[in-house]
Amino acid sequence: MNKPAQISTSFNSQRLQVRGVEYAITDTGTTGPAVMLLHGWPDDKTIWRYQLAYLSSLGFRAIAVDWLGHGESSIPSEVSRYHVSELGADTVALLDALQIDQVHLIAHDYGATVSWETVANYPDRFLSYCALSVGHAVEILRDMAMGHLGHYLWLVLHGMEHASRYWYLSNSAKRFRHKFASHPDAERILTKLTSGEDIGFWTIWERANPSYDVFYRQFFAGQRQKRITVPTLGLYSRNDEWMTEGQLSRCYQYVDAIWRYESITGGHWVQLERPNAVNSILSSWLSGWT
C-alpha cells in the first residue's frame, strides 16, 4: 500500500480568503526570496512535498497552493470560476494576501497552463518562471494541427465528466493504471476518484477552458501577441505519457527574456519520480536570479 502523500508538519498550513473563495496553502515561512509552486491535474499541493523541504533548506520561502476544487481549497459550483483568467487573478491576489511583491513561479501541468498566461498578464509580480511538462497554449494547439491530435484526445475526453470516469475506471481501472503508471500517488488519486467524494476536479479544467475558448483568446482576443518578459525555464521529462516535447521546447519564441530549456529522463510527474534531479535544476535556476 502506498504511503499517503504528506508535507512536513513543520511548515505552516493556512487558508486565505481571496476574491470570494478560500485557498489552502503551505508556507515554509522562511524569510528568503519567495517561490510559489502550483500543481496541475489531478493533483494537489502535496505534489511539491520534496521541493518545499529542499527549497526551504536553501533559504527560500516556498509556498505551495491547492487550486480551487483541489485538495483543501474551496470548490466553487460555477464552472467559469475555474477559467485560466480567474485563476491567474487569484494567483496575484494570493501574493497580495501574503504581502509578497514579487515571486519566483514554478508550475506543473495545468498549473503551467494557467501560469504562462498569468506571467504574461502580470509580469511585474514575477522574478522568474519555471514551467514543468506543459508549454504555452498556442504550442499545444500547434501540436494538434501538426498531426498529434490523437495524442491529445484526452483533452476532449476530460471535457465529458461521466464518459471520462467510465473510460478510466472500467475494466477494474485498467486504463487509469496504465496512464498513471509513473505517478507515485496513483492509488491515492484512484481512491479519491472512486470514494463518492466531490470529483469535479477530474474534468473541471477542460470544462472551464475548452479548446475553442483557448483558440479564440490566444489568436483573436485578450492574449493575442502577449509576451513573456521574465526569465523562463522549460523543464520536460522525456518519458512523459501525456505531452510531447515539442510543445514545451518551442516556447522560446514567446519569451522576450532569458530562456533555458532542460530535458531529463522521467515521466509526467517527474518532481515526485526524480526529486533530486528536479531539485538540482531548480537550485541552479533560482540561484541565477537571487
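Everything discussed here concerns the structure shown above.
This section reports on the structure supplied with the text. (Residues numbered from 1 in each chain as written. Predicted model: local features only at pLDDT ≥ 70, side-chain atom pairs only at ≥ 80, totals over all residues. Heavy atoms only, no water.)

## Points about the environment of Ile258
Heads up, the condition is: Each helix corresponds to a stretch of at least 4 residues labelled H or I by DSSP, and each strand to a stretch of at least 2 residues labelled E; elements are numbered beginning at the N terminus. Burial status follows relative accessibility: with a 1.4 Å probe on protein chains alone, a residue under 20% of its type maximum counts as buried, one over 50% as exposed, and anything between as partly exposed. Two residues form a contact once any of their heavy atoms are found within 4.5 Å.
In this structure, Ile258 sits in the loop between helix H10 (246–249) and strand S8 (259–264). Of the residues examined, Ile258 reaches a relative accessible area of 46% and is grouped as partly exposed. In this structure, Ile258 is in contact with Val230, Pro231, Thr232 and Trp289, ignoring residues within four places of it in sequence.

## Describing the packing of aromatic side chains
Applied cut-off: Ring pairs are drawn from Phe, Tyr and Trp, using the six-membered ring of Trp, whenever the two centres fall within 6.5 Å, and their geometry is named by plane angle: stacked under 30 degrees, edge-to-face over 60, tilted for the rest. In our convention, an over-ring charge means Lys NZ or Arg CZ found within 6 Å of a ring centre and within 35 degrees of that ring's normal.
Taken as a whole and assessed by the stated rule, the structure comprises 19 aromatic pairs. Through pairs of rings, three or more aromatic residues link up here, namely Trp41, Tyr168, Phe176, Phe180, Phe201, Trp202, Trp242 and Trp269. The ring of Phe201 carries Lys192 above its face, with NZ or CZ at 4.4 Å from the centroid.

## Focus: the pairing of strand S2 (residues 21–27)
For the record, the criterion: Criterion used throughout: strands pair if DSSP finds at least two bridges between them.
Across the 7 residues that make up S2, a large majority, 6, are buried. Across 7 bridges, the pairing between strand S1 (residues 12–18) and S2 is antiparallel. Directly across from Val18, in S2, lies its bridge partner Val21. Between S1 and S2, which pair antiparallel one after the other, the connecting turn spans 2 residues, and Arg19 there sits at a positive phi close to 50 degrees.

## Notes on the pattern of salt bridges
Heads up, the rule is: Think of a salt bridge as a Lys or Arg side-chain nitrogen and an Asp or Glu carboxyl oxygen that are within 4 Å of each other.
Enumeration over the complete set of coordinates arrives at 18 salt bridges. The partner of Arg177 in a salt bridge is Glu187, with the nearest N and O atoms 2.5 Å apart. With Arg177 in helix H6 (residues 161–179) and Glu187 in helix H7 (residues 186–194), the pair connects residues that are 10 residues apart, well separated along the chain. Of the residues examined, Arg177 reaches a relative accessible area of 41% and is grouped as partly exposed. Residue class for Glu187 comes out partly exposed when judged on its relative accessible area of 36%.

## Details of the sheet that holds strand S3 (residues 34–38)
Here is the rule we go by: Orientation is described by lines fitted to C-alpha atoms, with helices fitted over the stretch in contact, and by angles between N-to-C directions that extend from 0 to 180 degrees.
Judged by pairing direction, the sheet is mixed, and its 8 strands sit side by side in the order S1-S2-S4-S3-S5-S6-S7-S8 without closing on themselves. Two strands bound the open sheet, and with one partner strand each, they are S1 and S8. Geometrically, the sheet is characterised by an average inter-axis angle of 20 degrees between neighbouring strands, direction not taken into account. Bridge count between S3 and strand S4 (residues 61–65): 5 bridges; the pairing is parallel. Bridge assignment links Leu37 to a residue of S4, and that residue is Ala64.

## A short note on the packing of helix H4 (residues 137–148) against helix H9 (residues 211–219)
Inclusion rule: Just so you know how the angles are binned, under 35 degrees is roughly parallel, over 145 roughly antiparallel, 65 to 115 roughly perpendicular, and the rest oblique. In this scheme, a crossing is called left-handed if the near helix is turned counterclockwise away from the far one by less than a right angle; it is called right-handed if the turn is clockwise.
Running from N to C, H4 and H9 cross one another at 120 degrees; their axes reach a closest spacing of 10 Å. On the basis of their axis angle, the class for H4 and H9 is oblique. Relative to H9, the crossing made by H4 is left-handed. Where H4 abuts H9, its residues Ala137, Val138 and Leu141 lie against Val214, Phe215, Gln218 and Phe219.

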